[in-house]
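Listed below, chain by chain, are the residues.
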Amino acid sequence: MQARTAGLDGQNGAEQAARVLVDGVGEDLLHRALLHNLASVHDGDGVGDLGNKRQVVAHEHHGEAKLVLQLVQQVDDLLLDRHVKGGGGLVGDDQLGVARQGHGEWVADVFTARHASAPAGSPAPESIVLGVEDSMTLAAFRALEGALAKAPASPQLLETSGFVRSLRAVKEPSEVARMKAAQAITDAAFSYIVTYMKPGMTERQVQIELEDWMLRHGASGLAFSSIVACGANGASPHAIPGEAQLEAGQCVVMDFGARAHGYCSDMTRTVFIGQPDARMRAAYETLREANERVEAAIKPGVTGAQMHQMAEDALAAGGFAGKMGHGLGHGVGIDIHEEPVLSPRNKEPLVPGNVVTVEPGIYLEGDFGMRLEDFGVVTETGFQVFTQSTHDMVIL
């Protein structure tokens with residue numbers, strides 16, 4: 001695999017994110033976000049068909065209405081001009097009013113409207129099934145029950161489990177564009193933070209600067225609380241940044257991601273304070289080999305378990321057998337952890353549209369730890385990596 005070199009140096013993260021959105025799907029992005037199946041203008045409800053029965057799945061699909069408004073307000077004028085001048089239109093006041101409704105009221109209104117306009121011979125409303133995910137809160141379910149009880153037409157309610165989560169495992173092109181935009185901010189943050197870091201700074205100090213930079217350069221929030229771990233602290237995969245100071249001879253693990261346009265990004269890089277010793281160099285070379293071997297092998301049909309084992313084999317060949325201790329990767333989307341996973345428990349084949357991380361790690365308790373993480377999307381022929389930051393060793 002061709003090594004990636006450092007990108008985005010000196011570029012504003014928000015500008016780069018907007019450009020990724022424009023270059024990614026252009027006018028189709030707003031079209032999908034604003035008009036797709038009536039669901040995209042509402043904070044949370046997906047519409048689909050299962051078998052011969054129409055099913056509307058009520059689900060807490062975080063931030064969709066806000067996402068639409070962010071796109072209208074933040075994505076650069078080129079994208080808006082291409083859509084509006086082409087006659088696509090923006091969200092109207094009536095649609096924004098709908099978006100402010102509760103989930104239950106919105107579902108009841110949509111169901112009633114569709115039943116009222118259904119052609120003769122359509123199924124009776126009581127024969128239609130409304131799927132309700134078991135992840136819904138009790139309060140939201142009671143609100144849905146109350147709204148449907150007042151509606152002139154109401155369906156059957158059927159509890160489902162993992163249905164929406166499985167749908168979310170395969171991303172639409174517009175979702176991919178949003179994650180690329182979020183990652184553009186994250187890559188730019190990495191380019192910045194390595195110019196900021198100095199010996200004597202604390203992990204917490206670096207974390208605050210890193211997160212503040214993302215928020216000031218286009219991120220609407222953080223995908224998760226960032227990890228900055230130096231020295232022996234890096235041997236804990238989920239270390240919490242503290243008062244430990246960066247020192248010469250250490251490696252520093254940074255795991256972080258911006259949230260933008262409703263979607264997450266996720267990357268990890270390990271950098272070195274001063275020249276690393278021979279063992280650290282060997283570990284990093286092994287880590288890079290594991291990462292790049294897997295990324296070159298991902299394609300439709302391979303399983304998460306196979307990809308995990310491939311990484312374990314590469315680590316073992318480099319002399320670090322059994323030193324990872326966690327799954328190789330996970331899905332990313334609206335949430336930072338989604339399906340599918342790259343781990344021994346996933347025997348299912350990957351399919352086009354799956355977005356996953358590849359994050360092998362080596363953790364030597366009491367000594368050091370390191371991780372190298374990218375994320376990207378499974379395509380028809382392979383794996384498109386979103387992360388553009390270098391795999392080369394970064395020595396500060």
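The structure displayed is predicted, hence computed values, not measured ones.

I'm lost on unusual backbone geometry in this one. Help?
Backbone geometry follows two general trends: most residues other than glycine have a negative phi, and most peptide bonds adopt the trans configuration. That bond from glutamate 339 to proline 340 is cis: its omega, 0°, falls within 30 degrees of zero. For proline 340, the position within the fold is in strand β12 (residues 338-342). For histidine 261, which is not a glycine, the phi torsion comes out positive at approximately 55°. Along the polypeptide, histidine 261 turns up in the loop between β8 (258-260) and β9 (263-264).

What exactly am I supposed to notice about the state of the cysteines here?
Put plainly, a disulfide is one covalent bond tying together the sulfur atoms of two cysteines. This model, assessed by the stated rule, comprises zero disulfides. There is no disulfide at cysteine 230, and the cysteine sulfur nearest it, in cysteine 251, is 9.2 Å away. Judged by relative accessible area, cysteine 230 falls into the buried class, the value being 3%.

What is the right way to look at the sheet that holds strand β10 (residues 267-272) in this model?
Consider a sheet: its strands pair through backbone hydrogen bonds, and that pairing is either parallel or antiparallel. Taken in spatial order, the four strands make up an open sheet running β6-β7-β10-β18, and their pairing is mixed. In this open sheet, the two strands that pair with only one neighbour each are β6 (227-230) and β18 (394-395). Two strands pair when backbone bridges link them, and strand β7 (residues 251-256) and β10 are joined in this way by six bridges, in the antiparallel orientation. Each residue of the ladder has a partner; that of phenylalanine 256, found in β10, is methionine 267. Contacts from helix α10 (residues 203-216) reach β6 and β7 within the one sheet, and its direction differs from that of β6 by about 150°.

Teacher, can you tell me more about the packing of helix α6 (residues 103-116) against helix α7 (residues 138-150) here?
Helix-helix packing is described using two parameters, namely the angle between the two axes and the distance between the axes. Where α6 meets α7, the closest approach of the two axes is 7 Å, and the angle between their N-to-C directions is 35°. When you trace α6 past α7, the crossing you get is right-handed. Residue-level contacts link Gly104, Glu105, Val107 and Ala108 of α6 to Ala143, Leu144, Ala147 and Leu148 of α7. Looking at the contact of α6 with α7 residue by residue, the class counts come to six nonpolar, one polar and one charged.

Before we go on, may I ask you to explain the packing of aromatic side chains in this structure?
Two numbers describe a pair of aromatic rings. These are the distance of the centres and the angle of the planes. Inspection of every chain in the model, using the stated rule, returns four aromatic pairs. For the pair phenylalanine 272 and tyrosine 284, a centre-to-centre distance of 5.7 Å together with 85° between the ring planes defines the contact as edge-to-face. Residue phenylalanine 272 is found in strand β10, and its partner tyrosine 284 is found in helix α11 (residues 278-297); the two are separated by twelve residues along the sequence. For tyrosine 284, a relative accessible area of 3% puts it in the buried group. A connected cluster of aromatic rings, assembled from ring pairs, spans Tyr192, Tyr196 and Trp213.

I would appreciate a short explanation of the layout of surface pockets in the present structure.
Any empty space left between atoms is shown by rolling a water-sized probe over those atoms. Roughly 350 Å³ of volume is contained in the second largest pocket. Contributing elements (two or more residues each) for the lining of the second largest pocket: β11 (329-331) and β12.

Before we go on, may I ask you to explain the packing of helix α9 (residues 173-196) against α10 in this structure?
At a minimum axis distance of 9 Å, the contact between α9 and α10 shows a crossing angle of 140°. Judged on the interaxial angle alone, α10 and α9 are oblique. Judged by the twist between their axes, the crossing of α9 over α10 is right-handed. Here α9 contributes Ile185, Thr186, Ala188, Ala189, Tyr192, Ile193 and Tyr196 to the contact with α10, which in turn contributes Gln205, Val206, Glu209, Leu210, Trp213 and Met214. The residue makeup of the contact of α9 with α10, split by class, is ten nonpolar, two polar and one charged.

Honestly, the sheet that holds β9 in this entry has me stumped. Any pointers?
Spatially, three strands are ordered β5-β8-β9 in an open sheet, and the strand pairing comes out antiparallel. Two strands bound the open sheet, and with one partner strand each, they are β5 (221-222) and β9. For β5 and β8, the ladder comprises two bridges, and the chain directions are antiparallel. The partner of glycine 221 across the bridge, within β8, is arginine 259.

Just checking my understanding: could you explain the side chain of threonine 270 for this structure?
By the secondary structure assignment, threonine 270 is in strand β10. One polar contact links the side chain of threonine 270 to the main-chain carbonyl oxygen of arginine 371, over a distance of 2.9 Å. Excluding anything up to four places from it in sequence, threonine 270 contacts Cys251, Val252, Val253, Tyr284, Gly369, Met370 and Arg371.

Conventions used here
Chains are numbered independently. Their residues run from 1 in the order of the written sequence. Since the coordinates come from a predicted model, pLDDT governs what is reported: local features require at least 70, and pairs of side-chain atoms require 80 or more to be given and counted, while whole-chain, interface and lining totals use all residues. Side-chain measures were taken over the full set of non-hydrogen atoms in the model, leaving aside hydrogen atoms and water. Only DSSP runs of H or I with at least four residues qualify as helices, and only runs of E with at least two residues qualify as strands; both kinds are numbered from the N terminus onward. Here, a disulfide means two cysteine sulfur atoms that sit within 2.5 Å of each other. Residue exposure (1.4 Å probe, protein chains only): buried if accessible area is under 20% of the type maximum, exposed if over 50%, otherwise partly exposed. By definition, two strands form a pair when at least two bridges between them are found by DSSP. Any two residues whose heavy atoms approach within 4.5 Å are treated as being in contact. Under this scheme, a helix contributes an axis fitted over its contacting stretch, all axes are lines through C-alpha atoms, and angles between N-to-C directions fall in the 0 to 180 degree range. Throughout, a crossing is termed right-handed when the near helix is turned clockwise from the far one, and left-handed when it is turned anticlockwise from it by less than a right angle. Side-chain classes are defined by residue name, with Ala, Val, Leu, Ile, Met, Phe, Trp, Tyr, Cys and Pro counting as nonpolar, Asp, Glu, Lys and Arg as charged, and the others, Gly among them, as polar. Each Phe, Tyr or Trp ring, with Trp reduced to its six-membered ring, pairs with another whose centre is within 6.5 Å; inter-plane angles below 30 degrees give stacked pairs, above 60 give edge-to-face pairs, and intermediate values give tilted ones. The rule is simple: put a 1 Å grid over the protein atoms alone, call a set of points where a 1.4 Å probe fits but cannot get out a cavity, call an open set with protein on both sides within 12 Å along at least five of seven lines a pocket, and count a residue as lining if it has an atom within 4 Å of a point. Grid points are joined across faces, edges and corners, and a volume is the space filled by probe spheres set on the points. For classification purposes, an angle smaller than 35 degrees is called roughly parallel, one larger than 145 roughly antiparallel, one from 65 to 115 roughly perpendicular, and anything else oblique. Two N or O atoms form a polar contact when they lie within 3.5 Å of each other; inside protein one atom must be a possible hydrogen donor and the other a possible acceptor, and for residues adjacent in sequence the pair counts only when both atoms belong to side chains.

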